[in-house]
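The chain contents come next:
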Amino acid sequence: MTDGTGVWLYAVTDDGLAEEDLGGLTGVAGEAVRAVTAGGHAAVVGSVPLEVFGEEPLRHNLEDLQWLEATARAHDAVVSALVRRGAVIPLRLATVYLDDARVRDLLDERRADFESALTLVTGRTEWGVKAYGDRRALADAVAEAQIAGSAKGSGTAYLLRRRAQLSAQESVERDAAARADEIHSRLVRQAAAGRRQAATDPALSGRRDWMVLNGTYLVDDDRADEFAATVEELGKEFPGIRLELTGPWPPYSFAGVERTSP
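Everything numeric in this text was worked out from a predicted model, so none of it was measured.

1. Structural notes on the overall build of the chain
Check the secondary structure of the chain and you find 10 helices and 9 strands. The proportion of buried residues among the 262 residues of the chain is 42%. Relative to all contacts within the chain whose residues are 6 or more apart in sequence, the contacts with residues 24 or more apart total 77%. Element-wise, carbon and sulfur atoms account for 49% of the exposed surface of the chain, whose accessible area totals about 13900 Å².

So this is what it looks like as structure tokens:
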């Protein structure tokens, strides 16, 4: 645009988006959101001031955790409202283009990508599963597994247990990783797709727990209860590992369309 504003992208959906679907929705700058259409798809966007949301100001503002949290909440509120309407491809925070024409170019150039992504997420929702390890409980569980079947009443029982405990303490990182791998593998089999993400930064989460798995899973809506039951079963199966299920979320992890240069 030429008036000091840019175009913030929230999501892409089909071009059947009606004006009433966007009524009352406001975005990261308090702006009314609108649709830009091309290539059989609609991009839900908002006009934002470049003095705040331009490339250089954004770089600075994204380092302000309070500003980042407020902006992320406003962005997600728009995306979540759209998800309630139907399948959408959420775009990541801070996807900004200079004008509507460049948004239309994006829709035309990435038409096949958007079509594939919409097919993938239709009828499905994202769920998050985080696994936290308790070092002491995990070491004890591994030690018990190592001495299982031994003659606990014999004179060597204490030595066997002590040796197993020391060995488990030394291998606790490896054992936790192996359990996280198994949990992720089992959950992927219950989902349409799954991804392992980087552990959440404690500065953002405010938690100091030892995170051994940060997974996101795209689950069929009619199998959500089954997926949740699997998470509960896995939590009981692996002593020393605590599982935390969150969701449902818009399918950010499975949009498959990264930001391109404006």
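And the narrative resumes.
2. Some words on the sheet that holds strand 7 (residues 193-196)
The sheet built from 4 strands is open, its strands ordered 7-8-6-9 with antiparallel pairing. Of all strands in the sheet, those bounded by a partner on one side alone are strand 7 and strand 9 (241-249). Between one strand axis and the next, the sheet turns through 20° on average, direction left out of account. Judged from the 10 bridges that link them, strand 6 (residues 124-133) and strand 8 (residues 210-220) form a sheet pairing that is antiparallel. Its bridge partner being in strand 8, Glu126 is matched across the sheet by Leu218. Strands strand 6, strand 7, strand 8 and strand 9 of the sheet are contacted by helix 8 (residues 172-188), whose axis makes an angle of about 5° with strand 8. Against the sheet, helix 10 (residues 224-237) touches strand 6, strand 8 and strand 9, its axis set at about 165° to strand 9.

3. Regarding the packing of aromatic side chains
Considering all chains together, one arrives at 4 aromatic pairs under this definition. Aromatic side chains Trp8 and Tyr10 sit 6.4 Å apart centroid to centroid with 45° between the ring planes, which places their arrangement in the tilted category. Given a relative accessible area of 1%, Trp8 falls into the buried group. Between Trp8 and Phe53, the ring centres sit 5.3 Å apart and the planes meet at 80°, which makes this aromatic pair edge-to-face. Here Trp8, found in strand 1 (residues 5-14), pairs with Phe53, found in helix 1 (residues 50-53); they are 45 residues apart in sequence, far enough to count as distant. There is no split in this pair, since Trp8 and Phe53 are both buried. Pairwise contacts between aromatic rings join Trp8, Tyr10, Phe53 and Trp67 into one cluster.

4. So, the pattern of salt bridges
In the structure shown here, the tally under the stated rule is 13 salt bridges. Ionic pairing is found between Glu56 and Arg59, a salt bridge with its closest N-O pair at 2.6 Å. You can see Glu56 and its partner Arg59 sitting in helix 2 (residues 55-61), 3 residues apart, about one turn around the helix. For Arg110, the salt bridge is made with Asp113, and the minimal N-O distance between the two is 2.6 Å. Judged by its relative accessible area of 19%, Arg110 falls in the buried class. For Asp113, a relative accessible area of 35% translates into the label partly exposed. Bridged by salt links that share partners, the residues Glu55, Glu56 and Arg59 form one connected network.

5. Let's talk about the environment of Gly39
Assignment of secondary structure puts Gly39 in the loop between strand 2 (34-38) and strand 3 (41-49). Take Gly39: its relative accessible area is 17%, and that puts it in the buried class. The contact partners of Gly39, leaving out residues within four places of it in the chain, are Asp108 and Arg111.

Thresholds applied
- Residues numbered from 1 in each chain as written.
- Predicted model: local features only at pLDDT ≥ 70, side-chain atom pairs only at ≥ 80, totals over all residues.
- Heavy atoms only, no water.
- Helix = DSSP H or I, 4+ residues; strand = E, 2+ residues; numbered from the N terminus.
- Buried < 20%, exposed > 50% of the residue type's maximum accessible area, 1.4 Å probe, protein only.
- Contact = heavy atoms within 4.5 Å.
- Areas by Shrake-Rupley, 256 points an atom, 1.4 Å probe, with all protein chains shown as cover.
- Pairing = 2+ DSSP bridges.
- Axes fitted to C-alpha atoms, helices over the stretch in contact; angles between N-to-C directions.
- Phe/Tyr/Trp six-rings, centres within 6.5 Å; stacked < 30°, edge-to-face > 60°.
- Salt bridge = Lys/Arg side-chain N within 4 Å of Asp/Glu carboxyl O.

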